[in-house]
Amino acid sequence: MTSQRRFRIAAIPADGVGAEVVAAGRTVLDALAAASGGAFAFDWTEFPWGSDYYAEHGVMMPDDGLATLQDFEAIYFGAVGWPTVPDHISLWGLRLRICQGFDQWANVRPVHFLPGVVSPLRKADDTELDWVVVRENSEGEYAGLGGRNLSARGAGGEVAVQSALFTEVGCERIIRFAFELARTRARKKVSSVTKSNAQQYGMVLWDDTFRRVASDYPDVETESVLVDAMSAKFVLHPEDLSVVVASNLNADILSDLGSALAGSLGLAASANLNPERRYPSMFEPVHGSAPDIAGRGVCNPIGAVGSAAFMLDHLGLHDEAARLGKAIEATTGAGVMTPDVGGTATTADVTQAIIDHL
Ligand SMILES: NC(=O)c1ccc[n+]([C@@H]2O[C@H](COP(=O)([O-])OP(=O)(O)OC[C@H]3O[C@@H](n4cnc5c(N)ncnc54)[C@H](O)[C@@H]3O)[C@@H](O)[C@H]2O)c1
């Protein structure tokens with residue numbers, strides 16, 4: 001008799017469609033486990049943290065929240081943010097607290113084109129376009145350094161300073177991660193993105209580090225592109241992209257552009273990785289809580305299910321991750337799609353179709 005592998009996963013659906021897509025992802029993963037003939041199973045613990053929790057307790061998660069999460073093998077996250085709580089409080093109180101507290105310094109966000117999904121890109125073809133945005137996820141513009149002051153000057157007189165932090169260690173580890181990822185891909189190329197013409201300190205340190213690290217990878221093609229030019233390149237020459245590495249803010253913006261080009265924000269998956277595995281990593285769709293469509297059962301679960309595939313890979317279930325990727329492609333290829341990508345299916349219909357295609 002073979003022993004069963006059990007994976008302890010913390011689920012944090014949080015707000016809005018986060019709850020709907022996490023439920024969909026859990027259903028798919030449990031179906032996969034049920035079909036494994038007892039080889040593996042998921043032990044889920046769900047945490048009610050988010051904006052409702054804030055209304056009751058005045059905090060987005062308990063003080064010992066990170067210590068509680070530390071014991072899990074991975075975190076499966078929905079989306080945080082609701083109109084009742086200022087966005088900077090909800091984001092810093094939960095998602096950024098977990099990402100930074102667990103040093104999840106690499107955020108991997110593929111721009112993946114699916115069969116059957118119409119892209120606004122004229123050149124789009126799911127057999128040719130495929131790139132990954134690698135986002136520095138621990139410092140940069142989201143380091144949280146700064147403050148507000150001088151409110152005593154009265155209305156209109158306050159000042160705010162928001163500083164970006166670039167460390168050579170932080171730049172080097174994410175750039176090296178991008179090169180290692182590029183070596184696993186058909187096109188071995190890394191595009192580095194900064195705004196170093198205008199931001200002459202942190203981003204020039206990034207550029208210098210990029211050049212230094214690149215010399216260790218002579219087999220990988222490179223380019224350095226300013227973020228404004230890169231946003232145009234995403235639209236005009238996406239066929240020239242493979243791995244795009246950028247700072248926290250720049251990669252956040254570029255990855256939303258990428259997922260919109262692939263058809264919808266609802267399709268985009270992501271992994272927040274602590275590559276050294278000192279802390280649990282966190283898997284979540286790129287999109288937010290979508291208050292405009294929450295509670296209607298029509299949000300796209302593919303971003304969250306794709307993130308679950310990332311989680312399977314992270315847990316060592318590589319064949320299952322590949323099967324899940326193929327099931328997503330078969331589902332969109334068969335035209336089972338939610339309204340954001342032009343379909344009429346519900347969240348539940350798409351979830352069931354993915355399970356049927358496993
Ligand atoms: N990682 C996160 O937790 C995260 C990320 C981004 C935004 N937010 C928060 O989410 C809230 C709403 O932000 P927003 O409106 O700027 O971004 P959003 O991603 O929630 O929504 C942007 C647009 O995309 C659509 N969309 C998003 N997810 C979808 C899905 N699964 N299926 C179909 N359509 C989908 C929405 O309907 C909306 O039109 C805010 O509070 C914001 O702070 C959280």
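Residues numbered from 1 in each chain as written. Predicted model: local features only at pLDDT ≥ 70, side-chain atom pairs only at ≥ 80, totals over all residues.

Digging into the sheet that holds strand β10 (residues 243-246)
- Taken together, the 10 strands give an open sheet; going across it, the order is β2-β1-β3-β12-β11-β4-β5-β10-β8-β9, and neighbouring strands pair in mixed fashion. Across the chains shown, the open sheet's two edge strands, defined by having one partner strand only, are β2 (40-46) and β9 (221-226). Put simply, the sheet's adjacent strands are angled 25° from each other on average, direction ignored.
- Across the sheet, helix α9 (residues 302-314) touches β3 (74-79), β11 (269-273) and β12 (281-285), and the angle it forms with β12 is around 155°. (Pairing = 2+ DSSP bridges. Helix = DSSP H or I, 4+ residues; strand = E, 2+ residues; numbered from the N terminus. Axes fitted to C-alpha atoms, helices over the stretch in contact; angles between N-to-C directions. Contact = placed C-beta atoms within 7 Å.)

Here we look at the site of the ligand
- In the vicinity of the ligand there are 23 residues, among which Gly81, Gly266, His287, Gly288 and Asn300 approach most closely.
- Secondary-structure elements contributing two or more residues to the shell around the ligand are α1 (17-34) and α4 (87-101).
- Top contributing element to the shell around the ligand by residue count: α4, with three residues.
- Split by residue class, the shell around the ligand holds 10 nonpolar, eight polar and five charged. (Near = placed C-beta within 6 Å. Nonpolar A, V, L, I, M, F, W, Y, C, P; charged D, E, K, R; others polar.)

Some details on the domain arrangement of the protein
- Per the domain assignment, the segments of the protein are domain 1 (1-120 + 263-358) and domain 2 (140-261).
- Measuring from the centre of the C-alpha atoms in domain 1 to the corresponding centre in domain 2 gives 25 Å.
- The partner domain 2 presents 11 residues to the 14 residues of domain 1 that form the contact.
- At the level of elements, α4 and β4 (106-112) are the ones that each hand at least two residues to the side of domain 1 that touches domain 2.
- Broken down by element, the side of domain 1 that touches domain 2 gets its largest block of residues, three residues, from β4.
- Its residues assigned to classes, the side of domain 1 that touches domain 2 comprises 11 nonpolar, two polar and one charged. (Domains from an automatic or database assignment.)

Points about α4
- Largest kink in α4: about 40°, centred on Arg95.
- Listed as buried for α4 are Ser90, Gly93, Leu94, Arg95, Ile98 and Cys99.
- On the buried face of α4, the contacting elements are β1 (5-14), α2 (51-57), α3 (65-69), β3, β11 and β12.
- Of the residues trailing α4, Asp103 is marked for its positive phi of about 45°. (Bend = angle between axes of the 7 residues up to and from the residue. Buried ≥ 20, exposed ≤ 12 C-beta atoms within 10 Å, placed from the backbone.)

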